[in-house]
Amino acid sequence: MYRTNTCGELRIAHLNREVILAGWVHKARKFGGMIFVDLRDRYGITQLVFNQETDSQLCEKAEKLGREWVIQVKGVVAERSNKNPNIPTGDIEITVSELQTLNPSETPPFTIETDTDGGDDLRMKYRYLDLRRKAVYSNLELRHQMAFAARSYLNQQQFLEVETPVMVGSTPEGARDFIVPSRMNPGEFYALPQSPQLFKQLLMVSGLDRYFQIVKCFRDEDLRADRQPEFTQIDCEMSFVEQEDILNLFEGLIRHLFKTIKGTDIPEMPRMTYAEAMKLYGSDKPDTRFTMPFTELKTLTGGKNFGVFDNAEYVGAICAEGCAAYTRKQMDELTDFVKRPQIGAGGLVYVRYEADGGVKSSVDKFYTPDDLKRWLEQAGGRPGDLLLILCGAAGKTRKQLGELRLEMGSRLGLRDKDRFSCLWMLDFPLLEFDEETNRYYAMHHPFTSPKREDVPLLDADPAAVRANAYDMVINGAEVGGGSIRIHDSDLQRKMFTLLGFTEAQAQAQFGFLMNAFKYGAPPHGGIAFGLDRLVSVFAGLDSIRDCIAFPKNNSGRDVMIDAPASVSSEQLEELRLMVRE
Ligand code: ASP
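All of the points below concern the structure found in this document. Here the structure is a predicted model, which is why all the values come from computation and not from measurement.

Once that is clear, we can look at the overall build of the protein chain. Helix and strand content of the protein chain: 17 helices and 22 strands. Its C-alpha atoms give the protein chain principal-axis dimensions of roughly 90 × 75 × 60 Å. Per-residue burial over the protein chain gives 46% buried out of 581 residues. A sequence separation of at least 24 residues applies to 66% of the contacts in the protein chain between residues at least 6 apart. Carbon and sulfur atoms form 49% of the exposed surface of the protein chain, whose accessible area is close to 29,500 Å².

Our next topic: the site of the ligand. Taken together, 13 residues lie near the ligand, and Gln197, Lys200, His444, His445 and Arg485 sit nearest. In the model, an oxygen atom of the ligand is placed 2.7 Å from a nitrogen or oxygen of the Lys200 side chain. With the chains in place, 89% of the 270 Å² that the ligand exposes on its own is no longer accessible. Only helix H5 (197-205), strand E21 (477-484) and strand E22 (524-530) provide two or more residues apiece to the shell around the ligand. In terms of residue count, E22 provides more of the shell around the ligand than any other element does, three residues in total.

We now examine the pairing of strand E9 (residues 210-218). The buried count for E9 comes to seven of nine residues, which makes it a mostly enclosed element. Both strand E6 (residues 160-161) and E9 contribute to a ladder of two bridges, which runs parallel. Considered in E9, the bridge of Glu161 is made with Phe212. Bridging between E9 and strand E10 (residues 230-239) involves nine bridges; their strand directions are antiparallel. The residue bridging Arg210 from the neighbouring strand is Met238, located in E10.

For helix H11 (residues 369-378), the complete set of buried residues consists of Asp371, Leu372, Trp375 and Leu376. On an axial view of H11, the arc spanned by its buried residues comes to 140°, and they lie on one face. Residues of H11 that are exposed and angled more than 90 degrees away from the buried face: Pro369, Asp370 and Glu377. Packing partners of the buried residues in H11 comprise helix H8 (298-301), helix H9 (307-310), strand E14 (349-353), strand E15 (359-361) and strand E16 (386-392).

Right, let's talk about the packing of helix H4 (residues 134-156) against helix H16 (residues 531-539) for a bit. Running from N to C, H4 and H16 point in directions that differ by 120°, and their axes come no closer than 10 Å. As H4 runs across H16, the sense of the crossing is right-handed. Facing Asn139, Leu142, Arg143, Met146 and Ala147 of H4, the residues of H16 in contact are Leu531, Asp532, Leu534, Val535, Phe538 and Ala539. Residue classes in the contact of H4 with H16 are distributed as eight nonpolar, one polar and two charged.

This paragraph deals with the nonpolar core. Core analysis: the biggest nonpolar cluster contains 41 residues, and Ile234, Phe250, Ile254, Trp424, Phe529 and Leu534 have the highest contact counts within it. The element best represented in this core is helix H6 (residues 243-262), accounting for eight residues. Apart from the residues within four sequence positions on either side, Leu534 is in contact with Met146, Ile234, Ile254, Leu257, Ile474, Val479 and Phe529. Among the nonpolar cores identified, the runner-up in size contains 32 residues, and Val205, Leu423, Leu499 and Phe510 belong to it.

Attention shifts here to the environment of Thr107. Note that Thr107 resides in the loop between strand E5 (92-103) and helix H2 (120-125). Judged by relative accessible area, which is 63%, Thr107 ranks as exposed. Residues Thr107 and Gly66, 41 residues apart in the sequence, show an inter-C-alpha distance of 7.4 Å.

Looking now at the packing of aromatic side chains. Tallied over the full model, the rule gives 20 aromatic pairs. Between Tyr367 and Trp375 the ring centres are 4.7 Å apart and the planes differ by 70°, which places this aromatic pair in the edge-to-face class. Of the residues examined, Trp375 reaches a relative accessible area of 0% and is grouped as buried. One aromatic cluster is present, built from ring pairs that chain together Phe306, Phe309, Phe366, Tyr367 and Trp375. Residue placement shows Arg405 over the ring face of Phe290; its charged tip is 4.1 Å from the ring centre.

Turning our eyes to something else, we now look at helix H1 (residues 56-63). Turning to H1, its buried residues are Leu58, Cys59 and Ala62. Projection of H1 onto a plane perpendicular to its axis shows the buried side chains occupying an angular sector of 100°, all on one side. Against strand E2 (34-41), strand E3 (44-51) and E5 lie the buried residues of H1. Regarding H1, its N-cap is Asp55, as a side-chain oxygen of that residue lies 3.4 Å from the backbone nitrogen of Gln57 further along.

For the bond from Ala563 to Pro564, the omega torsion is 0°, close enough to zero to count as cis. For Asn475, which is not glycine, the phi dihedral falls at a positive 50°. Residue class for Asn475 comes out buried when judged on its relative accessible area of 10%.

The next subject is a nonpolar patch on the surface. Together, Ile179, Phe189 and Leu577 make up a nonpolar patch on the protein surface, roughly 280 Å² of accessible area in all. In this fold, Leu577 is placed in the segment after helix H17 (569-574). Among the residues examined, Leu577 registers a relative accessible area of 43% and is labelled partly exposed.

With that out of the way, let us pick up the sheet that holds E15. One open sheet accounts for five strands, arranged E12-E13-E16-E14-E15; its pairing is antiparallel. Strand pairing shows two members of the sheet lacking a second neighbour, strand E12 (295-296) and E15, which therefore form its edges. The pairing of E14 with E15 spans three bridges and is classified as antiparallel. Opposite Arg352, over in E15, you have Lys360 as the bridge partner. This element, helix H10 (residues 328-339), spans E14 and E16 of the sheet and lies at about 25° to E16.

Reading the values: rules and limits
Residues numbered from 1 in each chain as written. Predicted model: local features only at pLDDT ≥ 70, side-chain atom pairs only at ≥ 80, totals over all residues. Heavy atoms only, no water. Helix = DSSP H or I, 4+ residues; strand = E, 2+ residues; numbered from the N terminus. Buried < 20%, exposed > 50% of the residue type's maximum accessible area, 1.4 Å probe, protein only. Contact = heavy atoms within 4.5 Å. Areas by Shrake-Rupley, 256 points an atom, 1.4 Å probe, with all protein chains shown as cover. Near = heavy atom within 4 Å. Polar contact = N/O pair within 3.5 Å; in protein donor to acceptor, adjacent residues only side chain to side chain. Pairing = 2+ DSSP bridges. Arc of directions from axis to C-beta. Axes fitted to C-alpha atoms, helices over the stretch in contact; angles between N-to-C directions. Left-handed = near helix turned anticlockwise from the far one by under 90°. Nonpolar A, V, L, I, M, F, W, Y, C, P; charged D, E, K, R; others polar. Core = buried A, V, L, I, M, F, W, Y, C linked by side-chain atoms within 4.5 Å. Phe/Tyr/Trp six-rings, centres within 6.5 Å; stacked < 30°, edge-to-face > 60°. Lys NZ or Arg CZ within 6 Å of the ring centre and 35° of its normal. Patch = residues over 30% accessible without salt bridge, like charges linked within 9 Å, V, L, I, M, F, W, Y side chains within 5 Å. Salt bridge = Lys/Arg side-chain N within 4 Å of Asp/Glu carboxyl O.

Spelled out as C-alpha cells, the structure:
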C-alpha cells in the first residue's frame, strides 16, 4: 500500500494513528536536532518531523531529500507544538519512523509556490510542474466541477450526450478552418470542426430531441487573451422549442452552476436588445456590474460654432461619478487611453462639475456654463462628477466610448471579480454588411432563423432583419450564444442566396443539410457555452489560458511539446503534399 491517507486529510482527531503518506517534498528545513519536511500532494500539505535523537540514521536519510523528490513515509500523527492556522492540517505533524525515496528529482526550474519565481515562458515549457501549483490546479478542479455540474443538470433535463466527428469537411463561413490532409484520398482534406453545428441540427432531424456535448472546437483565428485555437463548448440543441424555452432552460443551467459551485442564488437574468445595448453601452457584451450608461449630446451641442461636434455624426458622453477633481495627469492618461491605436479616438472632451456647482471644460471657449450644465443634467451628473465626451462616426465612437466606460469602471473599482452580473442579449441583426467584400455575412451563422415578423423584410431591407438569436453575457464576457434555426429548406436556400452563394455552391457545401430538411425536420434551436470562458469568469481570471491544462501561447504554439513542428519529407510525400523531384 502506497498510502493510508492523503496529505490534506489528517487532523487532531487522528492523533496517535499510524499512517503511511506519499507525495512530493515541498520544503525541508533543519531546526536544532530536528528536520521538518512539508509533504505535498493535490489534497494539501502535511508536516513530517524527523528527530535526530530518536533515530539519527533516519535523520541522515532525510537530510539528503531535495525539493520535489517523491517519497513515502510511515509514522504516527502527533500534535504540533507550533501550530499553523493557515493550513487545514496545521494542528498536526507526522513523527516519521520509516522513509523511502520513490523517485529523486532534479531541482525544478522555478519554485512550486503560489507566488512562483518562474516567468510565463518557463512555466509553459514545464507546464507539468506549473500544474503542481495550487493556484493553477485549483482552476482545473473548478473546471471539472463545472463540467460535472453541467452534465448532471442536462442529464436531468433529458439531454443525451452524443459524440460528433472531429474530422469533418471544410465550410467557407465563419473563421478559418484547420485542415487535415487525407492520405487515402490524395489531394483531399478534412477540416477540424469550428463547432458541431450541422451535426447537432441533423441529430434533431433524427428525432434525438435533446442533445448536448462537452466538445473541443477548432478555429484558426488570431489569438487574444480570451481565445485559443482549440477550445471547449458545452454544445446543446433542442427540438420543438421557441426562444423563450431555450432562455428558460439555460438560465436554469447557469443558475444551477452558481448554486452548486458558488452556493449563491442569482437573480432572474435581465434581457436587453442589441439595439439598446449599442445605444447605452456601445457593446453587445456590456459589463453590467456597473451602470454608467451613454448619454447622447448631439442635439444639445449643435449650433455653437464648435465644428468638431457640429460635423460629427454622434456626440456621446459618460458621467464618471466623483471624478471632477481628476488631476491634469489623470486627464492626460485618459486622453492617451482613447487615442491608443487599438481604440483610435481623435481626442477627449471633458466637463468638470465642480463641488461648488461651477463647471470647467476643455471646450468652454464655445459653450457657456449654462450650456455645459445642460449636458451634465442630461447625463444625470451631480456636483463632483466628470463628464467624458467622444464624437465621430456613430458606430465607431460608440465602441470607443464603450472602451472608455470599461476603463473608468476599472479605475473606480466597479468591476469586482467576486460580483457577477448576468444578462441575455437578444434581437441581434440577422446579417452584417461587409464593405470590403461588398456582401452580407450572417452575424451568428447561416442557419439562424430570422424573427418571424421580420421575414417579409428579407428582400426589401435585409440589414433591418432581426435574428432569433441570443447571447448570454456575464461581467462583460460573452459566455454563450445560440439561435432558433431555420428548419425549412426553402428559407435556408433563400438565406444562402442572401449570403452570396450560388445555387450550385450552396448545394455543394450544404446540400446534405437542405436535403435532410426535406425529411421532416422539427422546429429546433440551441446554444453553446464556452466552457473555458465560463470557468475563467467563475474563477475571476483574466485569461482563459489559466483554466486549460495544456494551453497554446499567443502564437498558437505549445512550447512544451514544441508544436506545430515540421514533419519528415516521407510523411509529406505520403500525403501528396510534396512531390519527389
Ligand atoms: N454553433 C454555435 C457557435 O459555435 C452556437 C449555436 O448556435 O448553438 O457559436
